[in-house]
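# A closer look at the structure
Take a look at the letters that make up each chain.
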Amino acid sequence: MKYLLDTDHISFLQRRSSLEFSRLTLRMSQHPITDFVLSVISFHEQVIGAHTFINRAQNNTDMARGYALLLETLNGFANAPVLPFDSQAIAIFDEMRKQKVRVATMDLRVAAIAISNNLVLLTRNTGDFSKVPNLIIEDWTV
């Protein structure tokens, strides 16, 4: 394992279209699939997104689409290695909070998982993640 995919990179892979998807899959194809992992935080974020979509559904078509998104998320994460927010990541997260690293909570959790596992974080959110000490980031969609 060498790379942790942030939620935004996962979303491009799920949509299976766009220039960003093409760039990302081209770069990923140069590595064994075993070099890539996901985090339970990204799973949480995607479940929240599907939940919100379902709750805002105005009709049965939207409701069905929301549940399809939820099922797609479940299947995608079930078929991939998913790293936990474990005691080592929590310790790093707590230390960054003490240092007053000004990054959104979910992003800081993702960063802590990447750092605790010595992984490069693949993300488009370079502005925020660049504030995290000892985190290596790359954007493979550009």
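To be clear, the structure that these remarks concern was listed above.
Before going into details, it helps to say that this report is about the structure given with it. (Residues numbered from 1 in each chain as written. Predicted model: local features only at pLDDT ≥ 70, side-chain atom pairs only at ≥ 80, totals over all residues. Heavy atoms only, no water.)

## Considering the overall build of the chain
Keep this limit in mind: What counts as a helix is a DSSP run of H or I of at least four residues, what counts as a strand is a run of E of at least two, and both are numbered from the N terminus. In this description the radius of gyration comes from C-alpha coordinates, and the expected globular size is given by 2.2 Å times residues to the power 0.38. Note on exposure labels: buried denotes an accessible area under 20% of the residue type's maximum, exposed denotes more than 50%, and partly exposed covers the range between, all computed with a 1.4 Å probe on protein chains only. Pairs of residues are marked as contacts when any of their non-hydrogen atoms sit within 4.5 Å.
Check the secondary structure of the chain and you find seven helices and five strands. When the helices and strands of the chain are placed in sequence order, the string is β-α-α-β-α-α-β-α-α-β-α-β. Computed over C-alpha atoms, the radius of gyration of the chain comes to 16 Å, within 12% of the 14 Å expected from 2.2 N^0.38 for 142 residues, which places it in the range of a compact globule. If one aligns the C-alpha atoms of the chain with their principal axes, the spans along those axes are about 45 × 35 × 25 Å. Out of the 142 residues belonging to the chain, those deemed buried represent 37%. Residue pairs in contact within the chain that sit at least 24 positions apart in sequence constitute 64% of those at least 6 positions apart.

## Examining the sheet that holds strand β1 (residues 3-5)
Here is the rule we go by: DSSP calls a pair of strands paired once it identifies at least 2 bridges connecting them.
On the basis of which strands lie adjacent, the open sheet formed by five strands has the order β3-β2-β1-β4-β5 and parallel pairing. Edge positions in the sheet fall to β3 (82-83) and β5 (137-138), since each has one partner strand and no second. By the bridge criterion, three bridges tie β1 to strand β4 (residues 120-122) in an arrangement that is parallel. Pairing of Leu4 across the sheet is with Leu121, part of β4.

## With respect to unusual backbone geometry
Residues other than glycine predominantly adopt negative phi, and peptide bonds predominantly adopt the trans conformation. Phi is positive for Lys100, close to 60°, though the residue is something other than glycine. Overall, the relative accessible area of 67% leaves Lys100 in the exposed class. The phi dihedral of Asn134 is positive, around 70°, even though this residue is not glycine. Relative to the assigned elements, Asn134 resides in the loop between α7 (126-129) and β5.

## Observations concerning the environment of Ala78
Tracing the chain through its elements places Ala78 in helix α4 (residues 60-78). Along the sequence, Ala78 and Asp8 sit 70 residues apart, while their C-alpha atoms lie 18 Å from each other.

## A short note on the packing of helix α3 (residues 40-55) against helix α6 (residues 105-116)
Selection rule: The axes are straight lines fitted to the C-alpha atoms, using for helices just the contacting stretch, and the angles between their N-to-C directions are given from 0 to 180°. The scheme is simple: roughly parallel for angles under 35 degrees, roughly antiparallel for over 145, roughly perpendicular for 65 to 115, oblique for anything else. In this count, Pro and Cys sit with the nonpolar residues alongside Ala, Val, Leu, Ile, Met, Phe, Trp and Tyr, while Asp, Glu, Lys and Arg are called charged and the others, Gly among them, polar.
Relative orientation of the contacting elements α3 and α6 amounts to 150°, with a least axis distance of 9 Å. Judged by the inter-axis angle, α3 sits roughly antiparallel to α6. For the pair α3 and α6, the contacting residues are Ile41, His44, Glu45 and Ile48 in the first and Met106, Asp107, Arg109, Val110 and Ile113 in the second. Considering only residue class, the contact of α3 with α6 consists of five nonpolar, one polar and three charged.

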